[in-house]
Amino acid sequence: VNVLFHAAAYKHVPLVESNPLAGIENNVNSAKVLCHEAKKQGLTNIVLISTDKAVRPSNVMGASKRLAELVFQAYNQKVQRSFERSNDFHPKYSIVRFGNVLDSSGSVVPLFRKQISAGGPVTVTHPDVIRYFMTINEAVELVIQSTVLAHGGDVFLLDMGEPVRIKNLADQMIKLSGLSVKSRDNPIGDIEIVYSGLRPGEKLYEELLINNKANPTYHPRIFRASEELIPWEQLNPLLEDLDSAIKDKLDIDALEILDKLVPEWKRNYK
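Residues numbered from 1 in each chain as written. Predicted model: local features only at pLDDT ≥ 70, side-chain atom pairs only at ≥ 80, totals over all residues. Heavy atoms only, no water.

The subject of this paragraph is the sheet that holds strand E11 (residues 191-195). Here three strands make up an open sheet; going across it, the order is E5-E11-E10 and the pairing parallel. Looking along the sheet, the strands with just one partner apiece sit at the ends: strand E5 (122-124) and strand E10 (181-182). Contacts from helix H4 (residues 108-117) reach E5 and E11 within the one sheet, and its direction differs from that of E5 by about 145°. On the sheet, helix H6 (residues 166-176) packs against E5, E10 and E11 and is oriented at approximately 165° with respect to E11. (Pairing = 2+ DSSP bridges. Helix = DSSP H or I, 4+ residues; strand = E, 2+ residues; numbered from the N terminus. Contact = heavy atoms within 4.5 Å. Axes fitted to C-alpha atoms, helices over the stretch in contact; angles between N-to-C directions.)

In C-alpha cells, the structure reads:
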C-alpha cells in the first residue's frame, strides 16, 4: 500500500449534533491515528476526504471535520520538518474538500427515489436549500488525480459546478419518474413535496473556502486553497485535552476545546 484515502467519518449532521462526543472522537481521533500509522508504515500519500460542511461550520460534524483537516495539515508540517533534516522522501498529507455526491450513501437521491416509489410525499427541509453536487465517478477520479498534485499540507477544492436547489432536484426526479408534482396549482398531481424544516445544525447553503483564497492547479477542476494551520506543537496538547474530555464524557469541556480550535465554527449554543 502506497496511498491511503481516509473517507471514514460520522457525517450525519443531526445525529452528530445529538451525540457530539462520539462524532468528535470518530472524526478527529481517527485522523490523528491514521496520520501516525501511515508514517510508521512508510506510505507516500495520505488523503483526507473532507466536506464543504467544514467551512464556517454550523454544526459539530462540520467543526470536527475542520479539526481533522487541521490535524492533517499540522502533522504534514511536523513530518516535513523531521524529514528535511535527513533529506529522505517524506509522506504527503493532503485534504480534498467537496460537496455532495449524487446517489452515494446518505445522498438525498436514494431517499427521494424511495419516497417517490412509495407514492410520496417527497420531503425537502426548506424551499431555498441549495447544495453542490457531483457524480460518484467525477468525485473518485478527481480525488485520485489530486494525489499527483500534492506537495503536502494541501487543501484541494473540487470544482462542483453550479449549486442545485434541492426543491428543483425533487421536481426533476418526480417528473423523470413519469409522474407530476401535486401542488396548489396542480391539486390532481401524483406526488406532493412537503417542507419538513431545517434540521439541527443545518445551513441553507454550503461553501468551499474559509478565506476566499484559492489558486488554480494544473488540473482545471482542482484548486488549492490557501488557509492557515495550527503548528503541531500547539495543536497536539489541545487534542490530548480534547481526548481526555471525551473519555471523561465531559460534553461542555469537549465542545469548548473544539470551539477554541475551530474559531469560525458558528456555534449556536454554549
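In this section: the sheet that holds strand E12 (residues 214-216). Ordered by their spatial adjacency, six strands build an open sheet running E1-E2-E3-E8-E13-E12, and the pairing between neighbours is mixed. Edge strands, defined here as strands with exactly one partner in the open sheet, are strand E1 (3-6) and E12. When strand polarity is set aside, the average angle formed by the axes of neighbouring strands in this sheet is 30°. The sheet contact formed by E12 and strand E13 (residues 222-225) spans three bridges and is antiparallel. For Pro216, the partnering residue across the bridge sits in E13 and is Phe223.

Quick look at the pattern of salt bridges now. Counted according to the given criterion, the structure contains 14 salt bridges. Residues Glu37 and Lys40 are paired through a salt bridge, measuring 3.4 Å at the closest nitrogen-oxygen approach. Of this pair, Glu37 and Lys40 both sit in helix H2 (residues 20-41), three residues apart, roughly one helical turn. The exposed category is assigned to Lys40, whose relative accessible area is 56%. Put simply, Glu264 and Arg66 hold a salt bridge, and the shortest N to O gap is 3.2 Å. In this pair, Glu264 is assigned in the segment after helix H8 (251-261) and Arg66 in helix H3 (residues 60-86), connecting sequence segments 198 residues apart. Arg66 gets classed as buried once you look at its relative accessible area, which sits at 4%. Salt bridges sharing common partners tie together Arg66, Glu69, Arg97, Glu227 and Glu264. (Salt bridge = Lys/Arg side-chain N within 4 Å of Asp/Glu carboxyl O. Buried < 20%, exposed > 50% of the residue type's maximum accessible area, 1.4 Å probe, protein only.)

Time to look at the pairing of strand E3 (residues 92-98). Within a regular strand, side chains alternate between the sheet's two faces. Burial of E3 is extensive: six of the seven residues sit out of reach of the surface. With seven bridges connecting them, strand E2 (residues 45-51) and E3 associate as parallel partners. When the sheet's bridge partners are listed, Thr51 is paired in E3 with Phe98. Bridge analysis of E3 against strand E8 (residues 155-158) gives three bridges, and the strand direction is parallel. Opposite Arg97, over in E8, you have Leu157 as the bridge partner.

Read these as spatial facts, not as claims about activity.
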